[in-house]
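Residue-level structure breakdown
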Amino acid sequence: MPKAYWIARVDVRDPERYKDYVSTAKPAFERFGAKFLARGGQFVELEGKARGRNVVIEFPSIQAAVDCYNSPEYQVAAKIRQECADAEMVVVESV
């Protein structure tokens, strides 16, 4: 079964509140086997409009990635994130 990746592009409006999102989301990520490959850090904008924060999270499968997002634990965190950041998120399956 191929792995899958969350790819999130985020503009954080309230960095202090965003810390609450990170800590609240942690149990969901642990439960579904998430491995952070990129979280913030330096980036180079090549095409289009970049956002301030880019995150890549590896999951054991596309189902695990989707289940993590839809889990009650993550949905509590998502509400916090939506209050303090603007984001675009997709799940992609590896080749």
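Let's shift gears to the overall build of the protein chain. Along the protein chain, the regular secondary structure elements total three helices and four strands. Computed over its C-alpha atoms, the radius of gyration of the protein chain comes to 13 Å, within 12% of the 12 Å expected for a compact globule of 95 residues. Each principal axis of the C-alpha distribution contributes one length, and for the protein chain these read about 35 × 30 × 15 Å. Sequence separation of at least 24 residues holds for 77% of the intrachain contacts in the protein chain that already meet a minimum separation of 6. Here the protein chain displays about 6,000 Å² of accessible surface, and carbon together with sulfur accounts for 54% of that area. The averaged location of the 14 negative side-chain charges in the protein chain is 3 Å from the averaged location of its 14 positive side-chain charges.

Once that is clear, we can look at helix α1 (residues 15–31). For α1, with 17 residues, the first-to-last C-alpha span of 25 Å sits near the 24 Å given by 1.5 Å per residue. In the structure, α1 departs most strongly from a straight axis at Ala25, where the bend amounts to approximately 35° and where the proline Pro27 lies between one and four residues downstream. Its buried side turned inward, α1 meets β1 (4–12), β2 (35–39), β3 (53–59), α2 (62–70), α3 (72–84) and β4 (85–93). Where α1 terminates, the next one or two residues include Gly33, which has phi positive at roughly 70°.

Rules behind the numbers
- Residues numbered from 1 in each chain as written.
- Predicted model: local features only at pLDDT ≥ 70, side-chain atom pairs only at ≥ 80, totals over all residues.
- Heavy atoms only, no water.
- Helix = DSSP H or I, 4+ residues; strand = E, 2+ residues; numbered from the N terminus.
- Rg over C-alpha atoms; globule rule 2.2 N^0.38 Å.
- Contact = heavy atoms within 4.5 Å.
- Areas by Shrake-Rupley, 256 points an atom, 1.4 Å probe, with all protein chains shown as cover.
- Lys, Arg positive; Asp, Glu negative; His and termini not counted.
- Charge placed at Lys NZ, Arg CZ, Asp CG, Glu CD.
- Expected span 1.5 Å × (residues − 1).
- Bend = angle between axes of the 7 residues up to and from the residue.

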